[in-house]
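These are the residues of each chain, in order.
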Amino acid sequence: GGSGRVIGASPVSVLAGLRAQCMRRGCEVIFDGSDNVEAAAEVAADADVAFVCAGVTSHEQEDRKDLSVDQEDFVVGVTSAVTLPVATLTMTPGAIVMPWIDNVDAALNVFLAGDHTGSAFAAVVFGGANPAAKSPVTFPRSEGDVVAPCAELDCNYTEGLFVGFHGLEDKDVIFPFGHGLSYTNFAYTLLELAAVGTAD
């Protein structure tokens, strides 16, 4: 046995992580923690960039009821209301839907990042760490495109091998399995092709 429920002694919040980075750089964090769209948009109006945070509550031995973040309405409302650059920072145990994705300039997601989640987010946001990971899951555009969880004891799944990213190959997704961007620019030069052997 074991448990994924680990509560750290002194976790670093996203707010604390961003504030620590700003103290080093001479910037200021203004904050609204009310989950009120109008209040958050008003605070954001005085900022250069807005970070909108959300997460998912989940636990072992039970499927999540849906693929939404707990604050989905708030995130959709704020990202639709602000006109400045905006990034979403989400903490999830797996794939989520992101109905706000077309209204943001950036989206950063972490899976169960532990005590230093806030420091990790801030390090990526401020360029101290390269977000070089590749997604281990596909982020679907619609929850209707994935296999729904079964709440019954006897479940008849007929998808066969077409689960996960295999089941989404012909669907429009937000981010496919293996997707990942980084701050690095790549280029290939002096490429050549050479024939090895001949076909009869």
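Residues numbered from 1 in each chain as written. Predicted model: local features only at pLDDT ≥ 70, side-chain atom pairs only at ≥ 80, totals over all residues. Heavy atoms only, no water.

Engineer: For this particular structure, what's the right way to read the overall build of the protein chain?
Structural biologist: When its secondary structure is counted, the protein chain shows four helices and five strands. Each helix (α) and strand (β) of the protein chain, taken in turn from the N terminus, gives the series α-α-β-α-β-β-α-β-β. Considering only C-alpha atoms, the protein chain reaches an extent of 70 × 60 × 40 Å along its principal axes. Expressed as a percentage of its 200 residues, the buried residues of the protein chain come to 27%. Counting contacts in the protein chain only where the partners sit at least 6 residues apart, residues at least 24 apart contribute 66% of the total. Of the accessible surface of the protein chain, which amounts to about 13,600 Å², a share of 54% is contributed by carbon and sulfur atoms. Averaging the locations of the 9 positively and 27 negatively charged side chains of the protein chain gives two centres separated by 8 Å. (Helix = DSSP H or I, 4+ residues; strand = E, 2+ residues; numbered from the N terminus. Buried < 20%, exposed > 50% of the residue type's maximum accessible area, 1.4 Å probe, protein only. Contact = heavy atoms within 4.5 Å. Areas by Shrake-Rupley, 256 points an atom, 1.4 Å probe, with all protein chains shown as cover. Lys, Arg positive; Asp, Glu negative; His and termini not counted. Charge placed at Lys NZ, Arg CZ, Asp CG, Glu CD.)

Engineer: Honestly, the nonpolar core in this entry has me stumped. Any pointers?
Structural biologist: A general trend in soluble globular proteins is that nonpolar side chains are found buried together. Within the largest apolar cluster, 22 residues are counted, with the highest numbers of intra-cluster contacts made by Val82, Ile96, Met98 and Trp100. Of all the secondary structure elements, the ones that give two or more residues to this core are helix 2 (37-44), strand 1 (50-55), helix 3 (72-81) and strand 5 (173-175). Among residues more than four places away in sequence, those in contact with Trp100 are Val69, Glu72, Val75, Val76, Thr79, Thr88 and Thr90. Of all hydrophobic cores here, the second largest spans eight residues; its members include Leu18, Leu89, Phe121 and Val124. (Core = buried A, V, L, I, M, F, W, Y, C linked by side-chain atoms within 4.5 Å.)

Engineer: Would you take a moment to explain the packing of aromatic side chains for this structure?
Structural biologist: Within a pair of aromatic rings, the relevant descriptors are the distance that separates the centres and the angle that separates the planes. The final tally for this structure, using the stated rule, is two aromatic pairs. Residues Phe111 and Phe139 carry aromatic rings whose centres are separated by 6.4 Å and whose planes lie at 20° to one another, so their mutual orientation is stacked. Taken together, the positions of Phe111 in strand 3 (residues 106-111) and Phe139 in strand 4 (residues 139-140) put the pair 28 residues apart, joining distant regions of the chain. Of the residues examined, Phe111 reaches a relative accessible area of 30% and is grouped as partly exposed. Since its relative accessible area comes to 5%, Phe139 is described here as buried. Aromatic side chains Phe139 and Phe175 sit 6.1 Å apart centroid to centroid with 85° between the ring planes, which places their arrangement in the edge-to-face category. Placement of Phe139 in strand 4 and of Phe175 in strand 5 is noted, with a sequence separation of 36 residues between them. Of the aromatic side chains, those joined through ring pairs into one cluster are Phe111, Phe139 and Phe175. (Phe/Tyr/Trp six-rings, centres within 6.5 Å; stacked < 30°, edge-to-face > 60°.)

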